[in-house]
Every structure is written in structure tokens, then in C-alpha cells.
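Observations on chain architecture
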Amino acid sequence: MSTASLAPSLSLDQLNVADEDAFVALLDGIYEHSPWIARRAFALRSAGGFASLAALKHAMATVVREAALDEQLGLIRAHPELAGKAMVAKALTAESTNEQNKAGLTNCTPDEFARLQQLNADYNTRFGWPFILAVRGPRGDGLSRQQIIDTFARRLNGHPDIERAECLRNIHRIAEIRLNDKFGVVPTLGNQVWDWAESLARFSDPGFAENGQLTVLYLTKAHRAAAAQLADWMRECGFDEVGIDAVGNVVGVYHGEAHGQTEEPPRLLTGSHYDTVRNGGKYDGRLGIFVPMACVRELKRQGRRLKHGIEVIGFSEEEGQRYKATFLGSSALVGRFDPAWLDQADADGVVLRDLMRDAGLPGTIEAIQALQRDPARYLGFIEVHIEQGPVLNELDLPLGIVTSINGSLRYVGEVRGLASHAGTTPMNRRRDAAAAVAELILYVEERAGAVPEVVGTVGQLQVPNGSINVIPGRCRFSLDLRATTDAARDALDADVRARLAEICERRGVSFTLERTEVAAAAPSDAAWQSRWEAAVETLGLPVHRMPSGAGHDAMKLHQAMPQAMLFQRGLNLGISHNPLEAISNDDTELCVQAFLALLVRL
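Residues numbered from 1 in each chain as written. Predicted model: local features only at pLDDT ≥ 70, side-chain atom pairs only at ≥ 80, totals over all residues. Heavy atoms only, no water.

Let us now look at the pattern of salt bridges. Counted under the stated rule, the structure contains 44 salt bridges. Here Glu-20 makes a salt bridge to Arg-39, at a shortest N to O gap of 3.1 Å. Here the residue Glu-20 occupies a position in helix H2 (residues 20-26), and Arg-39 occupies one in helix H3 (residues 35-42), the gap between them amounting to 19 residues. The class for Arg-39 is partly exposed, based on a relative accessible area of 35%. Through salt bridges with shared partners, a single ionic network connects Glu-264, Arg-267, Glu-311, Arg-373 and Arg-377. (Salt bridge = Lys/Arg side-chain N within 4 Å of Asp/Glu carboxyl O. Helix = DSSP H or I, 4+ residues; strand = E, 2+ residues; numbered from the N terminus. Buried < 20%, exposed > 50% of the residue type's maximum accessible area, 1.4 Å probe, protein only.)

Right, here's the structure in full:
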């Protein structure tokens, strides 16, 4: 669905009929002073050539990932410093000159130039290679000089192995943008999704908005403004019905062809959440609303109806940040909204029922129960989500197929020992509560690491009234256990609880453990997973199957209908629940294309 705004100087047909030397020549300048990448990519062509531009990009990235370490370092060192000596001497390649110009690096103030020179020197001293950043950014239209300087300063503190990988990923992004220029390709649909995400991020709760941070908690003014904006955009996209329901979900419906039927054709249900964690990212959840919105917008533009309807839901509350009501929005759709939630109060004493009424919602269990969907009217539920992890990044893949959403158990616990003098209590007579929890942490790491697709985390630790010269008498902790199947999760749970009991018995301390959450694993429906796989294959990309370690609204819809998910790669090592969460317009274009392919193949 991409459009060409510039006359292309290269086509896939030209590449696919070229011999090896011509192939390398046609791709000259894509990777800085490194023709070996194109030469090896030529050997990866199938008999019919590369199926798509995305396939070519992935082949070249694969060549670099599989190259020897000295070859990777040579590629990094082939790139010039940002605002460095080569730029001053006008000795950059044409491609690098264009990119540094677009980022405004040729117009630095004296202070900015001095700062960049110092960063270049410090970075080279620490790592031994130049700092690499795709200065045209995730949308392709350029980062600001301040964004470049901030990223430079942040990455200066990275581990060398991680930073080398980040340099290579930025080199691939540079190459991707250069290929787009050569092919005259603009990821129009990806740009639209990216722009929506940027615009929606202007709504943020007080205390965070002033600091440039994104926080949207349930039914705050920012949350309601975001819902209203989503509804307006859905109308602009061409949805036939748009509304905000009794729990604050934003619902858009694009009807299917009637075909003379007296009843409306079945719908495909999709969507994700628009609330955020505190100081979170712009794409977690929201990507899964914007991508199907872009698909409906494209279908409407084409004047096209499908044999099924499309219902897109922006779920109002998934994160459970304001109330202990995780998956509040999606729970209502499957009849699992707990009436007791209405009587909960937040940290400021605001009762949920009262908050709903103040927001113009009914605030009654009857209105909420009426939101339950009839599974017989739906084909299933699918969800797009940012991966929230490093796997797709490390594989240089823009998309991944989710096989199962992990089941999870969460606990809060406390170990109680005896607080005593750190100097006078012999090591063999201590009842150290923190040491007991430390031993548990190491066991959780060992036990979870011994089984594929099982994870365990102690994410919170606190020694109440701790002092530097006092042996900890109490230690509070959290425990998060996850696995792709409930059986694997429960086996991990049993072993961890048994080991905690053994540790405490041996150390002469006691413990309490309170289970705070249980979530069943949600395996993807085989037929819907296959549809996602076929959609990805139409893009010329390999299919990579992976579990989801994070929870999603799809877990709730799984209780009522078949579900399957598609992951999109995140930038910055796949970081999520963090302001560094990011996507590129090109990856998002592929995500929209995959979604459209799935829709039309139905």
C-alpha cells in the first residue's frame, strides 16, 4: 500500500534479473563502504529473486548478523562520526551528507558542535568505534539535534556488546531508508499510524505532562480526552458506528456486505488498550488500535466492503494502574467484570462507581453486564501489539507470530528474621531476612532458566526501616512467575514455594506469601495463528513463532472466542513500559499490510 513520491532509481525487477556484479553495483552506497553485504545477499536470492523489498532488507540484515565479529566492527568503523571531521572537511559520502544535512548537523550552534565533539571523543575512547545513529529517525524525516545529543549521551553508558548490536541495528535502519529512497517508496500507512501515536501522546495526566512524560490512568481527564480523540479519528476513517461504552471502551464498527441477509454478517473483533503505565511509552496497546483503524481507513478509501464486519475496540483499562482491576475494559466484554470492583477506591479515595458517574458513564453493574458479547456473532479476536522485548530486534525481523500468551502467578511476600547489630552478631548466628530472599532470587533465576519459555522475577525488594549497620529483620518482596502453559507455570510455582519454605526453615526465619493475581495461559487458536502466518508470508518475510511473556486483552477474549496475536518489533532493544519505547514507520507499514492481507483473505 506504500506510495511513491519520488521517481524511483531502482526496481526489484532490475535487481532480480541482474548478475552478481550488477546486483552489487545497483546497491552501492546502501551500506557504507561495504559491498560485501550486497554480494553475500545476492547468494540468498531464491530462483525467482527477492519476493519483496522487505525480503531484500531482511536478507542484507541477515548477512550482517551472521558475519564475523571483525567484519561487523569493520562495517561500524566504515561510518563517519556525527558532525565529525569528515563532515567538516566535506568528505562524507553523498548518502551520509544528505542524512547529516537533514538532521541539521551542518547547522549546529557552537555549543552543540562542541558537545558532539566531546561525545564523539568519549564514545571512541569507551568503545573503539564511532557512534552510529539513524539520524533520519523512526519516521524517516529526521531527528532534532537535541534528540541526537540526548541519544548519544544515553548510549555512551551502554555495555559494549549491547552498544555494538545497537550500532548494527541503526546501520540497518540507515540502509532501509536509503533503499526506500532508491525505490521511491514512502510507508504511507505506517506514517499514519506513527502520526496518530504521536498526536494521542499529547494527552497525559498532571504531574507527568509537565515533565514531558506519558501517563494515562483510567478515566482521568487525559484518559477521557484520548477516548474522545480516538472516536473522532474512527469517524474520519469511515467507521459506520462509533461510540464510548459503559466502561469507557471506544468502539468502532465497519459493517460487512449484507448479501441480502436479514442479519448482519459476523464480525471480526480486534483492538487493544489506550491506557498506559506511569511514565510509559506511546505504542504499548495503542498500536493495536491504530493498525486496524488504518486498515478500515484504507478499505473505506477503496470503497470496499468485506464479507464480514470489523469491530475495533480501544480498551479503556488494561494496565490496572489506578484500581486493582486489570483488564477492566476487556473483562466486561466476556462477562467477567467483578461487581466488587465498583466499590474499590483509588489512592485518593475516589470510588470507581463514583468516578464512572462523574465521567458520564452509568456506573451500574447492569449497564456493564450488557456489554457482554455473543461469541456466536464473532469470527474471533485478533490483536496487534508491540513485542515489548528484544527477540525480534535480535533476529532483525519486523513481525512475529504469537503462539501463546503466558499464564502467570503473582505474589507479595515477606520474610521475618531478627534485626540485630551488624558488628556484634557472628555470621553463624544471624537470622537475616534479606539474605533469605536473596537466596530465593537466585533459585528463581536458576529454576526458571532451566526450562524453555518459563520466566520468574523478583521485581520488588524492601527492607523496612533498614540501616547500614543492622542485620535486616524483615524483607518484603514480590514474585512473578510465567510460562506458556499452566502446567509449566504451576510446576515452577510449586518448586519456588517449596524452596522458599526450605530456605526459611534452614535459616531460622519465617515467611508470609499472598497470591495477588492468577492468569491462565492463552494458547493461540491454530486456525487464526495460521492466518497470521500466511499474512506475514505474503510480505516475503520469514515466519517466526514466539510466546508472549506479557499479558494482553487477548487473554480475556480468549475466554469467549478464538484469538491470535501478531507482534511488531520495538526499537531501542525492544524496551517497553518506558519512554524509550519506539517503532519505525517501515515496520508499521508491514504490520498494516499483514493485517490487510489477513482481512481480505477471510
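Turning our eyes to something else, we now look at helix H19 (residues 486-507). Taking 1.5 Å of rise per residue, the 22 residues of H19 would be expected to cover 32 Å, and the 31 Å separating its terminal C-alpha atoms lies within 8% of that figure. Those residues of H19 that sit buried are Arg-489, Leu-492, Asp-493, Val-496, Leu-500, Ile-503 and Cys-504. Angular distribution of buried residues about the axis of H19 spans 105°; they occupy a single face of the element. Of the residues in H19, the exposed ones pointing more than 90 degrees away from the buried face are Ala-487 and Glu-505. Once H19 ends, the next one or two residues include Gly-508, with phi positive near 70°. (Expected span 1.5 Å × (residues − 1). Arc of directions from axis to C-beta.)

Here we take up the environment of Ala-226. Counting through the fold element by element, Ala-226 comes out in helix H12 (residues 221-237). Residue Ala-226 is classed as buried on the basis of its relative accessible area, which comes to 0%. Ala-226 has contacts with Leu-200, Phe-203 and Tyr-274, leaving out every residue within four places of it along the chain. (Contact = heavy atoms within 4.5 Å.)

Here we take up the packing of aromatic side chains. Enumeration over the complete set of coordinates arrives at 13 aromatic pairs. The interplanar angle of 55° and the centroid separation of 6.3 Å between the aromatic rings of Phe-315 and Phe-381 together place this pair among those described as tilted. In this pair, Phe-315 sits in strand E4 (residues 309-315) while Phe-381 sits in strand E5 (residues 378-386), placing the two residues 66 residues apart along the sequence. No difference in accessibility class separates Phe-315 from Phe-381, as the two residues are buried. On the numbers, 5.0 Å between centres and 80° between planes, the contact of Phe-337 with Trp-341 is edge-to-face. (Phe/Tyr/Trp six-rings, centres within 6.5 Å; stacked < 30°, edge-to-face > 60°.)

Interaxial distance between H3 and helix H4 (residues 53-65) falls to 9 Å at its minimum, and their mutual angle equals 115°. The angle between H3 and H4 places the two elements in the roughly perpendicular class. The chirality of how H3 crosses H4 is right-handed. Along the contact surface, H3 presents Trp-36, Ile-37, Ala-38, Arg-40 and Ala-41, while H4 presents Met-60, Val-63 and Val-64. (Axes fitted to C-alpha atoms, helices over the stretch in contact; angles between N-to-C directions. Parallel < 35°, antiparallel > 145°, perpendicular 65-115°, else oblique. Left-handed = near helix turned anticlockwise from the far one by under 90°.)

The subject of this paragraph is unusual backbone geometry. Trans peptide bonds make up the majority, and among non-glycine residues the majority have a negative phi. The backbone of Asn-279 shows a phi angle near 55°, a positive value even though the residue is not glycine. Look at Asn-279 and you get partly exposed, because its relative accessible area is 24%. A positive phi angle is found at Asn-465, which is not glycine, with a value near 55°. Assignment of secondary structure puts Asn-465 in the loop between strand E10 (461-462) and strand E11 (470-471). Of the residues examined, Asn-465 reaches a relative accessible area of 78% and is grouped as exposed.

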